[in-house]
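Residue strings, one per chain:
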Amino acid sequence: QVQLVESGGGLVQPGGSLRLSCAASGNIRSINAMGWYRQAPGKQRELVATITSGGSTNYADSVKGRFTISRDNAKNTGYLQMSSLKPEDTAVYYCSADVTSYSGSLNRIYWGQGTQVTVSS
């Protein structure tokens, strides 16, 4: 019923920037919280940033001051602006969304397929 598609990943040099997008579509009445997570090879998924429907944000200590999470509620799209990238930022980045569908008041958390970010010289 709901699909999340990430885009914007790629190869970037240390100190560079990338902007990730997360487009949500399908049976969506509203999106509550949205978040970005990442998973490096051999490691489990970790929180990067979250944003509420009202725009309140939280960040992992490792990305504070470098990453900015935002959203466009009218477009059901979330963003992650990444600057001053480091090799340790290399991972598959996943978008998540807490979605309330038109079928009822029940909510469910959905995940995108992920987009690869590689920071290397």
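Conventions we followed
- Residues numbered from 1 in each chain as written.
- Predicted model: local features only at pLDDT ≥ 70, side-chain atom pairs only at ≥ 80, totals over all residues.
- Heavy atoms only, no water.
- Helix = DSSP H or I, 4+ residues; strand = E, 2+ residues; numbered from the N terminus.
- Buried < 20%, exposed > 50% of the residue type's maximum accessible area, 1.4 Å probe, protein only.
- Areas by Shrake-Rupley, 256 points an atom, 1.4 Å probe, with all protein chains shown as cover.
- Lys, Arg positive; Asp, Glu negative; His and termini not counted.
- Charge placed at Lys NZ, Arg CZ, Asp CG, Glu CD.
- Salt bridge = Lys/Arg side-chain N within 4 Å of Asp/Glu carboxyl O.

Attention shifts here to the overall build of the protein. Within the protein one finds zero helices and eleven strands. Reading the protein from its N end, one meets helices and strands in the order β-β-β-β-β-β-β-β-β-β-β. Taking the principal axes of its C-alpha atoms as reference, the protein extends roughly 50 × 25 × 25 Å. Within the protein, the fraction of its 121 residues that count as buried is 40%. A total accessible area of about 6400 Å² is found for the protein, and carbon and sulfur atoms account for 46% of it. Considering the protein, the positive charge centre built from 11 side chains and the negative charge centre built from 7 side chains are found 4 Å apart.

According to the stated counting rule, one finds four salt bridges in the structure shown. Two residues, aspartate 89 and arginine 38, come together in a salt bridge whose shortest N-O distance is 2.9 Å. Remark: arginine 38 occurs in strand β4 (residues 30-39) and aspartate 89 occurs in the loop between β8 (77-82) and β9 (91-100); sequence separation between them is 51 residues. The residues aspartate 89 and arginine 38 share a single accessibility class, namely buried. Salt-bridge contacts for lysine 64 lead to aspartate 61; the nearest nitrogen and oxygen are separated by 3.2 Å.

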